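Coordinate inspection notes
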Amino acid sequence: MNVTLDRAAELIREGELVAFPTETVYGLGANALDAAAVAKIFAMKGRPASSPLIVHVASIEMARGIVRAWPPQAEALAQRYWPGPLTLVLPKSPAIPGIVTAGLETVGVRVPSHSIALQLIEAAGVPIAAPSANRFTGLSPTTAEHVREAFGDALPILDGGPCQVGIESTVVSIAQGKITLLRPGMISLAEMEQAAPANQGEAHAAPGMHPRHYSPRTRLFTVNAPEELPDHQGAYLWRTRPGLTARCIRMPLKAAAYANRLYSVLHEVDGEGWPWIALEMPPDKPGWSAIIDRIRRASATGGGGD
């Protein structure tokens, strides 16, 4: 059910859950300072306790209030990219319950750029812990309707229209003066001012790192050409050449537009009852790494999800 901004803020303060829009995907939010409220996120999603949550704040000042250290690199990145799709992983304040961070001594924090998300955090007066508002292993939602498809009327939704970025934030850790990439997003390390070369972090140092993730219910294959399609009875997403068989959907040629459309198209074809979805892999070039990461996880076998 849809709720107003004031009602959504009231629910957060009362320890309840609310789905709300960000520029990346819709989040399933709870008061990040309330362990019992955060536990409801894990229960509703069916999410394992080993996967930490990102905490959404309305300002740099609020971010500094939930971490124990704020190194110069954090200040530089926050000044340049916040509000926006960048999550910084830093030592957590004791005010953040261990359930939020999966028992780790670090917390991921970001300032979303969606105006409704910022208004919700400000109105609630607390930081909001929020993974994507989907069932565990499911496709991330980029519209309120996607959230309703996952949870029905069981979850209050603050509808803010379609998400602008369309895939999850870049996640980096900052420790001992080093910036390390934990999860790729549409802000790359190459774009970050004076960023050090990154190593892949440990699998669960950030959300969204399970081998299988962001997955439609329908089996997803990746192909390099139409001739590799598994048969003639499915849906085919392509960029650079027309599909010769199946249900063909052309994807954008530019990375930002592709990212914005990816989850929405997968939701669409996932609901059409095809036996498979095949996706032509985009180019392995700068700017496409986050998209390729999401496609590989969505097409992998085995459990896991945000």
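Just above sits the structure.
A brief structural summary. (Residues numbered from 1 in each chain as written. Predicted model: local features only at pLDDT ≥ 70, side-chain atom pairs only at ≥ 80, totals over all residues. Heavy atoms only, no water.)

1. Describing the sheet that holds strand 5 (residues 106-110)
Pairing within the open sheet is mixed, and its eight strands lie in the order 1-2-6-3-5-4-7-8. The open sheet has two edge strands with one neighbour each: strand 1 (18-20) and strand 8 (178-183). Two elements, strand 2 (residues 27-31) and strand 6 (residues 128-129), share two bridges in a ladder whose sense is antiparallel. Bridge pairing links Ala30 to Ala129 in strand 6. (Pairing = 2+ DSSP bridges. Helix = DSSP H or I, 4+ residues; strand = E, 2+ residues; numbered from the N terminus.)

2. Describing the sheet that holds strand 9 (residues 220-223)
Strand order in the open sheet formed by four strands is 9-12-10-11, and the pairing between neighbours is parallel. The sheet terminates laterally at strand 9 and strand 11 (247-250), the two strands that pair on one side only. Each strand axis lies, on average, 20 degrees off the axis of its neighbour in the sheet, ignoring direction. Here strand 10 (residues 235-238) pairs with strand 11 via four bridges, running parallel. Note on strand 11: the bridge partner recorded for Trp238 is Arg250. (Axes fitted to C-alpha atoms, helices over the stretch in contact; angles between N-to-C directions.)

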